[in-house]
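Residues per chain, in single letters:
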Amino acid sequence: MTRAEPCQQRERPINGAAESCGIAGVPGWTPSAARTSRRRKATRTEMSAPTRVLYLYTGGTIGMVNSPRGYELGVDVAGEIAALLRDSDLAVTFDVDELERLIDSSNAAPADWQAMIDHIRERSAGYDGVVVLHGTNTLAHSAAAVSFGLIGPAQPIVFTGSQIPFGVPGTDARTNVLGATRTVMSGPPSVSLFFAGKLFAGTRATKVSAVELEGFQSPHTAPLPPSGGENGHPATTAARKWARPLPYRAQDIAVITATPGMTADRFRAATTPAPAAVIFRTYGAGEGPSEEKGLAEAIEELVAHKVPVVITSQCVQAHIDLHKYAAGEFLHRAGAIGVKDMTFEAVYAKLTFLLSQGLTGRDVTDWLLTDLVGELTCATARPGMAAGHANGLCDCRGGQGRVGSVGCVRTTPVNRQRSSVRFRFVSGARRENDATTQSVPRSIRRCASESMAQVLPTPGAAPR
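Described in the following lines is the structure provided in the data block. Everything numeric here is computed off the predicted structure, so don't read it as measured data.

1. Considering the overall build of the protein
Line of reasoning, step 1. Across its full length, the protein carries 10 helices and 21 strands.
Line of reasoning, step 2. Considering the protein as a whole, with its 464 residues, one finds that 53% of them fall into the buried category.
Line of reasoning, step 3. Across the protein, every contact between residues at least 6 apart in sequence was considered, and the portion connecting residues at least 24 apart equals 70%.
Line of reasoning, step 4. With the model as given, the accessible surface of the protein reaches about 19,700 Å², and the carbon-plus-sulfur share is 50%.

What follows is the structure in structure tokens.
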């Protein structure tokens, strides 16, 4: 903790407003021994209604300094933000909070996700938006986790970080923080991730580079406009089930990567004792070593014991289709499920979220393939349809679900002046190309989003 010193009034203006000092000469700092986080406020008196922004610092490269042990936490992030905003043209008032546990994001855990959620819930009411400063290694994981844990936020929540720390020549910290701040000032109430001039839905980003400043991409959806108010991932009707979810808890999720020559014995060893869930990172569109004796049986045994086996791809961009190749079909027959176009980060965060709600087995997989906040789309979704749109696709279990489960996809745009809309109904026992298409009156247009509470199983734990 920085040493407290006597406060002296300064005449250094922030666009015409005087600023105060408190700790170690840092402008706007007010010490309080009772706080578990440190806060700073600065104001712009010339603006009648400035945007109120809460910056939540969690650790990461953005606040690191070089040391004999390598980069570690040490930058005065609050001071850097104050100086940055003082030199900008942004009309804001702001506070800077720090979580009690600041970390290199490589050490992030579900408890840290919950700490962010709890802090935002407790502190965000007096602000127009929140900027979360976070390390890049698990930035996409945390953005996805908060997206599920804070469904339907009251204000914009924008995650950002940097590849180079504050104060280091060539740093991207300043531009990322300013970009995230502008997004908070103009964006809709949702969770997103801003990096290198691009804005991504909170459940759609993935880290692709530890070298380039453009470290993140959205493999399956276009970046959102940095300003202008477009919400690319509104919560679906099904998501209302989790308006007040149980807290995140650490879950035993085994992540296994398929490799040439991988054996069934190695797979069994990695899943003994049985974990809460398995993420199997396969090839391409969901293909695995189908000729490896005993592998299908090992998966079948896990599924029989209510352990979800989830298939993702090692490719950054892939749409999992276990029916495309025979080498994927065997995984489907064994009871594994493909996660469509979800990023690995979103899959891991959503699995952790669902398991933390007390769900197991098929309840987990049913909800995993149900769009909550735009984290997935189905192959048959209309091109250009915003992911997670409340009137669009919600249930992506068609072709993979249990016999009798029903998924549906709107196959033509909705014309709100017409009395009917076309849907495709897909039985869980059929492949998508066996589906039939028919017209459905508007009065019963409830498939994807409005009747999910009836289609899906009742959660095992009651929301608090």
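2. What to know about the packing of aromatic side chains
Line of reasoning, step 1. Here the structure, examined in full by the defined rule, presents nine aromatic pairs.
Line of reasoning, step 2. A centroid spacing of 6.2 Å and a plane angle of 35° characterise the contact between F344 and Y348, whose relative ring orientation is tilted. Taken as a pair, F344 and Y348 lie in helix α8 (residues 344–356) at a separation of four residues, close to a single helical turn.
Line of reasoning, step 3. The class for F344 is partly exposed, based on a relative accessible area of 26%.
Line of reasoning, step 4. Classification of Y348 by relative accessible area gives partly exposed; the value is 22%.
Line of reasoning, step 5. Counting every residue linked through ring pairs, the aromatic cluster contains W113, F148, W242, Y248, F353 and W367.
Line of reasoning, step 6. The lysine or arginine in question, R281, covers the ring of F344, its NZ or CZ lying 6.0 Å from the ring centre.

3. So, the layout of surface pockets
Rolled over the atoms, a probe as big as a water molecule pinpoints where empty space is left.
Line of reasoning, step 1. In this model, the second largest pocket occupies a volume close to 260 Å³.
Line of reasoning, step 2. Lining the second largest pocket are 19 residues; nearest its centre among them are S313, C315, V316, T343 and F344.
Line of reasoning, step 3. Mapped by element, the contributors of at least two residues to the lining of the second largest pocket are β13 (206–207), β17 (309–313) and α8.
Line of reasoning, step 4. The class makeup of the residues in the lining of the second largest pocket is eight nonpolar, six polar and five charged.

4. A closer look at helix α2 (residues 110–123)
Line of reasoning, step 1. The end-to-end C-alpha separation of α2 is 20 Å, in line with the 20 Å expected for 14 residues at 1.5 Å each.
Line of reasoning, step 2. Where α2 is buried, its residues meet β5 (51–59), β8 (92–103), β9 (129–133), α3 (139–149), β10 (157–160) and α8.

5. Observations regarding the sheet that holds strand β12 (residues 198–201)
Line of reasoning, step 1. Taken in spatial order, the six strands line up as β8-β5-β9-β10-β11-β12 in an open sheet, and their pairing is mixed. Edge positions in the sheet fall to β8 and β12, since each of these pairs with one other strand and no more. Averaged over all adjacent pairs, the angle separating strand axes in this sheet is 25°, with direction ignored.
Line of reasoning, step 2. Contacts from α2 reach β5, β8, β9 and β10, with the element oriented near 150° to β8.
Line of reasoning, step 3. Its contacts with the sheet place α3 against β10 and β11 (191–195), and it is angled at close to 160° to β11.

6. Comments concerning the sheet that holds strand β16 (residues 277–282)
Line of reasoning, step 1. One open sheet holds the four strands; their spatial order is β15-β16-β17-β18, and the pairing between them is parallel. Unpaired on one side and paired on the other, β15 (253–257) and β18 (337–338) mark the two borders of the sheet.

7. As for the nonpolar core
When a protein is soluble and globular, its nonpolar side chains tend to lie buried together.
Line of reasoning, step 1. Ranked by size, the top nonpolar core spans 75 residues in total, and within it F159, L193, F267, F280 and L351 carry the most contacts.
Line of reasoning, step 2. The residues touching F159, leaving out its near neighbours within four places in the chain, are M116, V132, H134, L139, S142, A143, V146, V191, S192, L193 and F194.
Line of reasoning, step 3. By size, the runner-up hydrophobic cluster in this structure holds 27 residues, among which are V77, V92, V131 and V177.

8. A short note on the environment of A180
Line of reasoning, step 1. One can find A180 in helix α4 (residues 173–186).
Line of reasoning, step 2. Residue classification places A180 among the buried positions, given a relative accessible area of 0%.
Line of reasoning, step 3. Considering only alpha carbons, one finds A180 and V130, 50 residues apart in sequence, at a separation of 9.1 Å.
Line of reasoning, step 4. Apart from the residues within four sequence positions on either side, A180 is in contact with V131, V158, T160 and F194.

9. Some thoughts on the pairing of β10
Line of reasoning, step 1. The alternating pattern of β10 places I157 and F159 on one face and V158 and T160 on the opposite face, and all of these are buried.
Line of reasoning, step 2. Summarising the sheet, β9 and β10 pair through four bridges and their orientation is parallel. Considered in β10, the bridge of V130 is made with I157.
Line of reasoning, step 3. For the crossover from β9 across α3 to β10, the handedness is right-handed.
Line of reasoning, step 4. Bridge analysis of β10 against β11 gives three bridges, and the strand direction is parallel. Counted as the bridge partner of F159 is L193 from β11.
Line of reasoning, step 5. Note on the crossover from β10 through α4 to β11: the handedness is left-handed.

10. Overview of the pattern of salt bridges
Line of reasoning, step 1. Throughout the structure, instances matching the rule amount to nine salt bridges.
Line of reasoning, step 2. Measuring nitrogen to oxygen at the nearest pair gives 2.5 Å for the salt bridge that ties K350 to E375. Separated by 25 residues along the polypeptide, K350 in helix α8 and E375 in the loop between α9 (361–368) and β19 (406–410) bring together distant segments of the chain. The burial state of K350 is the same as that of E375; both residues are buried.
Line of reasoning, step 3. Via salt bridges that share partners, D95, D97 and R123 belong to a single interconnected network.

What counts as what
All residue numbers refer to position in the chain's written sequence, counted from 1. Selection of residues for local features in this predicted model requires a pLDDT of at least 70, selection of side-chain atom pairs for listing and counting requires 80 or more, and totals for whole chains, interfaces and linings are taken over all residues. The side-chain quantities take in all heavy atoms of the structure and omit both hydrogens and water. Every helix listed is a DSSP run of H or I at least four residues long, and every strand listed is a run of E at least two residues long, numbered separately from the N terminus. Partly exposed residues are those whose accessible area sits between 20% and 50% of the maximum for their type, while under 20% is buried and over 50% is exposed, using a 1.4 Å probe and protein chains only. In what follows, a contact means two residues having at least one pair of non-hydrogen atoms within 4.5 Å. Computed with a 1.4 Å probe, the accessible areas rest on the Shrake-Rupley method; for each residue, only the protein chains presented here act as cover. The aromatic pairing rule takes the rings of Phe, Tyr and Trp, using the six-membered ring of Trp, and pairs them if the centres are within 6.5 Å, calling planes under 30 degrees apart stacked, those over 60 edge-to-face and the rest tilted. A ring is scored as having a charge over it whenever the NZ atom of a lysine or the CZ atom of an arginine sits within 6 Å of its centre and within 35 degrees of its normal. Lining residues are defined by having an atom within 4 Å of a point belonging to a cavity or pocket. Those points lie on a 1 Å grid over the protein atoms alone, cavities being sets where a 1.4 Å probe fits but cannot get out and pockets being open sets with protein on both sides within 12 Å along at least five of seven lines. Grid points are joined across faces, edges and corners, and a volume is the space filled by probe spheres set on the points. For this scheme, ten residues count as nonpolar: Ala, Val, Leu, Ile, Met, Phe, Trp, Tyr, Cys and Pro. Four count as charged, namely Asp, Glu, Lys and Arg, and the remainder, Gly too, count as polar. Here, expected helix span is obtained from the residue count minus one, scaled by 1.5 Å. Pairing between two strands is assigned when DSSP locates at least 2 bridges connecting them. Here an angle of 0 to 180 degrees is reported between the N-to-C directions of two axes, which are lines fitted to C-alpha atoms, with helices fitted over the stretch in contact. Residue types Ala, Val, Leu, Ile, Met, Phe, Trp, Tyr and Cys, when buried and joined through side-chain atoms within 4.5 Å, form a set referred to as a nonpolar core. When the strands point away from the viewer and the connection leading from the first strand across the helix to the second strand turns clockwise, the crossover is called right-handed. When a carboxyl oxygen of Asp or Glu lies within 4 Å of a side-chain nitrogen of Lys or Arg, that pair is called a salt bridge.

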